[in-house]
Amino acid sequence: TTTNKITIAGHSMGGTFTTLAVYKLNKLGFDVQLSWNMAGARPGNVALFNHINNKMFADKRIVPMWLVTYWNDGITRWPQFFGRLKYHVHFEHGVKNTLDHPQFCLSDQNATPAGGCGIFRYSRDELDLEIPSESHCMTPYSPIGQQCQSEGVYPPFNYHMTSQCFRGGAMAI
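Residues numbered from 1 in each chain as written. Predicted model: local features only at pLDDT ≥ 70, side-chain atom pairs only at ≥ 80, totals over all residues. Heavy atoms only, no water.

Enquirer: Go over the nonpolar core with me, naming the residues and quoting the values.
Expert: In this structure, Ile8, Val22, Leu25, Val32, Leu48, Phe49, Ile52, Met56, Phe57, Met65, Leu67 and Leu85 together form the largest nonpolar core, which totals twelve residues. Secondary-structure elements contributing two or more residues to this core are α1 (13-27), α2 (46-54) and β5 (65-70). Take this core: its biggest share by element is three residues, from α2. In this structure leucine 48 touches Leu20 and Tyr23, once residues within four positions along its chain are discounted. Grouped together as the second largest cluster of nonpolar side chains are ten residues, Val68, Tyr70, Val89 and Phe91 included. (Core = buried A, V, L, I, M, F, W, Y, C linked by side-chain atoms within 4.5 Å. Buried < 20%, exposed > 50% of the residue type's maximum accessible area, 1.4 Å probe, protein only. Helix = DSSP H or I, 4+ residues; strand = E, 2+ residues; numbered from the N terminus. Contact = heavy atoms within 4.5 Å.)

Right under this line is the structure:
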């Protein structure tokens, strides 16, 4: 059997492209399932994100797609004046069993600096914009505890940490 259903997930640059792919594949008629932008940047303007957040899947589900954020990773809030995904799951660094205690940010009000939910608990001055960095790469659900270096774990992804993060990582599918 064939289907036009698709789920998309990506980390870092792959997460950024996930947002664009969800939009484009939906416009092309694919049945885009709940998808995941993991620590990706903001690839569009306010109008694009308003469409994704409030219109694109309004007749199918409440959450159009998830943004996954970690600690004070500034990549997910860059560029500063672009639009943003309003639904995100935040994992705090150093929290024991962080997979058991994610913070869900589920509205326009709390997914802003004034709302202080998840990644927005950090001021711009506290954000880490370096790649690679512990706040960007240390993901609690990754097999080796971090997402940016899969060397020797998932052949043929034998990149060094810096080149893999700049290429979007092994999670872009």
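Enquirer: How would you summarise the sheet that holds strand β7 (residues 103-105) if you had to cite specific residues and measurements?
Expert: Ordered by their spatial adjacency, five strands build an open sheet running β2-β4-β5-β6-β7, and the pairing between neighbours is mixed. Where the open sheet ends on each side, the last strands, each with one partner, are β2 (9-11) and β7. Averaged over all pairs of adjacent strands, the angle between their axes in this sheet comes to 20°, without regard to strand direction. (Pairing = 2+ DSSP bridges. Axes fitted to C-alpha atoms, helices over the stretch in contact; angles between N-to-C directions.)

Enquirer: Account for the confidence of the model for the chain, with residues named and values stated.
Expert: Residues at a pLDDT of 70 or more form 82% of the chain, whose mean pLDDT is 82. Across the chain, element-level confidence peaks in strand β3 (residues 31-32) with a mean pLDDT of 96 and bottoms out in helix α4 (residues 161-167) with 47. Predicted confidence is poor over residues 152-173, with pLDDT under 50, and the contacts of this stretch with residues over four places away or in other chains come to 45 contacts. (pLDDT = per-residue confidence, 0-100.)

Enquirer: Go over the side chain of aspartate 31, please, and point to the residues and values.
Expert: Note that aspartate 31 resides in strand β3. In this structure the side chain of aspartate 31 is engaged in a polar contact, spanning 3.4 Å, whose partner is the side chain of lysine 60. (Polar contact = N/O pair within 3.5 Å; in protein donor to acceptor, adjacent residues only side chain to side chain.)

Enquirer: So what's going on with the packing of α1 against α2? Residues and values would help.
Expert: One can describe the packing of α1 onto α2 by two numbers: an axis separation of 11 Å at closest approach and a directional angle of 70°. Classified by the angle their axes make, α1 and α2 are roughly perpendicular. Relative to α2, α1 is oriented so that their crossing is left-handed. Contacts from Thr19, Leu20 and Tyr23 in α1 reach Leu48, Phe49, His51 and Ile52 in α2. Per-class residue counts for the contact of α1 with α2 are five nonpolar, two polar and no charged. (Parallel < 35°, antiparallel > 145°, perpendicular 65-115°, else oblique. Left-handed = near helix turned anticlockwise from the far one by under 90°. Nonpolar A, V, L, I, M, F, W, Y, C, P; charged D, E, K, R; others polar.)

Enquirer: Provide a residue-level description of the pairing of β5, including the pertinent values.
Expert: Regular strands place their side chains on alternate faces of the sheet. Counted residue by residue, β5 has six buried out of six residues, so it is predominantly covered. Of the two faces of β5, the one holding Met65, Leu67 and Thr69 and the one holding Trp66, Val68 and Tyr70 are both buried throughout. Pairing geometry for strand β4 (residues 35-38) and β5, over four bridges, is parallel. The residue bridging serine 35 from the neighbouring strand is methionine 65, located in β5.

Enquirer: I'd like to hear about α1, residue by residue, with values.
Expert: Given a rise of 1.5 Å per residue, 15 residues ought to cover 21 Å, and the 21 Å separating the end C-alpha atoms of α1 matches this to within 8%. Where α1 is concerned, the buried positions are Gly14, Gly15, Thr16, Thr18, Thr19, Val22 and Leu25. Where α1 is buried, its residues touch β1 (5-6), β2, β3, β4, α2 and β5. Trailing α1 by a residue or two, glycine 29 shows a phi angle of about 100°, which is positive. (Expected span 1.5 Å × (residues − 1).)

Enquirer: So what's going on with α2? Residues and values would help.
Expert: For α2, the full list of buried residues reads Leu48, Phe49, Ile52 and Asn53. Across the axial projection of α2, the buried residues extend over an arc of 120°, all falling on one side. Exposed residues on α2 whose side chains face more than 90 degrees from its buried face are Val46 and Ala47. The elements touched by buried residues of α2 are α1 and β5. Between the side-chain oxygen of the N-cap and the backbone nitrogen of alanine 47 there are 3.2 Å, and the N-cap of α2 in question is asparagine 45. (Arc of directions from axis to C-beta.)

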